[in-house]
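A closer look at the structure
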Amino acid sequence: NWTMATFRDMAIERIREQVGDSRVICGLSGGVDSSVAAVLIHEAIGDQLTCIFVDHGLLRLGEAEQVVSMFREKYNIPLVHVDAENTFVAALEGESDPEIKRKTIGRLFIETFEAEAGKIGGADFLAQGTLYPDVIESVSFTGGPSVTIKSHHNVGGLPERMNMKLVEPLRELFKDEVRALGHELGLPEHFVGRHPFPGPGLAIRCPGGVSREKLDILRQADAIYLDEIRKAGLYDEIWQAFAVLLPVQTVGVMGDGRTYEFVCALRAVTSVDGMTADFYHYDMSFLGKTATRIINEVRGINRVVYDVTSKPPGTIEWE
Ligand code: XMP
């Protein structure tokens, strides 16, 4: 009888066998996969594990703080929190090509991680939250397009470069199994059940150049949107929902004044695996209520639109 408790115990045994009494460094992104991997490895080898959280400043509202407090206070896992927001935002300002944005973020992530890992020193193993679909995708893409649609953000190549061995305890799992394992390890439901979130974060939800101001506006709109979705009880029906801040300003009227502010697009899709997706069919009243809240509460947005594109031909993210 296969249960997650059994998997957990076996995985812990395997990790202990693999690493012995060596030191392990784990890169945290703030997401579910790397967090579950880290907590599992910590159960196996305790403080032989050090986590490095490269905070690129592109996470959603409150997420970075949540990860830091969860690791330090709830689990007591040694964590280096690298606040690299300035570096990332400076590199992205004025860059509007989506592929260059993705590659810049990937490169900075690796450089930042490498520099911190170097400071720790003496670790033979690098831990990653690689899932089974990531393994398949990097090996072959049978029947898929022969062109790169989007460069995915991952740390491929990093272990060889750093001369480290890999620990990947989630390699055989699918997303729903990682969630079940997260539950088994006591991670909070609102964390484990979160919608997928792309490595390059909010930068790819700000088409065009990214700035700290735009990221702040986007974070606020996104938080209101997700709050409304949770209040309406729709969160678990939706594969992914998020706000996008368009690099377009439009004219509006507020009180007896003219406004000239950004447009916010709302996206929500249903999907099984992210490879294909349908746009989510909201009630118009839900969209109207959410739009009103965003425009009233977020300075910098005066118009909200809803994306009714499915995948294909659209992708889920806008960049
Ligand atoms: P698209 O936009 O290609 O996205 O339809 C499919 C799924 O992949 C997520 N996504 C990423 N995930 N790193 C990730 O870990 C990335 O660079 C990345 N880009 C897109 C996207 O959010 C959706 O779930």
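Residues numbered from 1 in each chain as written. Predicted model: local features only at pLDDT ≥ 70, side-chain atom pairs only at ≥ 80, totals over all residues.

Each helix and strand counted, the chain has 11 helices and nine strands in total. Whereas a compact globule of 319 residues would reach a radius of gyration of roughly 20 Å, the chain reaches 20 Å, a difference of no more than 12%. Dimensions along the principal axes, computed over C-alpha positions, put the chain at roughly 70 × 45 × 45 Å. When burial is assessed residue by residue, the chain has 34% of its 319 residues classed as buried. Across the chain, the fraction of contacts at a sequence separation of at least 24, relative to all contacts at a separation of at least 6, is 76%. (Helix = DSSP H or I, 4+ residues; strand = E, 2+ residues; numbered from the N terminus. Rg over C-alpha atoms; globule rule 2.2 N^0.38 Å. Buried ≥ 20, exposed ≤ 12 C-beta atoms within 10 Å, placed from the backbone. Contact = placed C-beta atoms within 7 Å.)

Okay, the packing of helix α1 (residues 4–19) against helix α2 (residues 32–45) next. Relative to each other, α1 and α2 sit at 65°, their axes nearing to 9 Å. Judged on the interaxial angle alone, α2 and α1 are roughly perpendicular. Two packed elements cross with a definite hand, and for α1 against α2 that hand is right-handed. Taken together, the residues of α2 that come into contact with α1 (itself represented by Arg8, Ala11, Ile12, Ile15, Arg16 and Val19) are Leu40, Ile41, Glu43, Ala44 and Ile45. Residue composition of the contact of α1 with α2, grouped by class: eight nonpolar, no polar and three charged. (Axes fitted to C-alpha atoms, helices over the stretch in contact; angles between N-to-C directions. Parallel < 35°, antiparallel > 145°, perpendicular 65-115°, else oblique. Left-handed = near helix turned anticlockwise from the far one by under 90°. Nonpolar A, V, L, I, M, F, W, Y, C, P; charged D, E, K, R; others polar.)

By the secondary structure assignment, Glu228 is in helix α10 (residues 212–231). With near-sequence residues (within four places) excluded, Glu228 lies in contact with Lys289, Thr290 and Arg293.

Next up on the list: α10. Helix length check: α10 (20 residues) gives 29 Å between terminal C-alpha atoms against 28 Å at 1.5 Å per residue, within 8%. All buried positions along α10 are accounted for by Lys214, Leu215, Ile217, Leu218, Arg219, Ala221, Asp222, Ile224, Tyr225, Leu226 and Ile229. On its buried side, α10 packs onto β6 (240–254), β7 (257–270), α11 (284–297) and β9 (301–306). Following α10 by one or two positions, Gly233 has its phi on the positive side, about 75°. (Expected span 1.5 Å × (residues − 1).)

As far as domains go, the chain holds domain 1 (4–192) and domain 2 (211–306). Here domain 1 and domain 2 have C-alpha centroids that lie 29 Å from each other. If you look at the interface, domain 1 gives five residues, while domain 2 gives seven residues. When the residues that make up the side of domain 1 that touches domain 2 are grouped by side-chain class, the tally is three nonpolar, no polar and two charged. (Domains from an automatic or database assignment.)

Let us look at the pairing of β6. The side chains of a regular strand alternate between both faces of the sheet. Bridging between β6 and β7 involves 12 bridges; their strand directions are antiparallel. Among the inter-strand pairings, Val244 is bridged to a residue of β7, identified as Ala265. From the end of β6 to the start of β7, which pair antiparallel, there are two residues, and Gly255 there has a positive phi angle of about 60°. (Pairing = 2+ DSSP bridges.)

By size, the foremost hydrophobic cluster in this structure holds 77 residues, and its most contacted members are Val24, Cys26, Ile41, Cys51, Ala127, Ala221 and Ile294. For this core, the leading source of residues is α2, giving nine residues. Looking at which domains feed residues into this core, each of domain 1 (4–192) and domain 2 (211–306) gives three or more. Not counting residues within four places of it along the chain, the set of residues in contact with Ile41 comprises Ile15, Val24, Cys26, Leu49, Ala127, Val167 and Pro169. (Core = buried A, V, L, I, M, F, W, Y, C linked by C-beta atoms within 7 Å.)

Let us now look at the environment of Ile12. Position of Ile12 relative to the elements: it lies in helix α1. Owing to 16 C-beta atoms within 10 Å, Ile12 belongs among the partly exposed residues under this scheme. Taking C-alpha positions, Ile12 is 15 Å from Gln128, a pair spaced 116 residues apart along the chain. With residues near it in sequence (within four places) discarded, Ile12 still touches Glu43 and Ala44.

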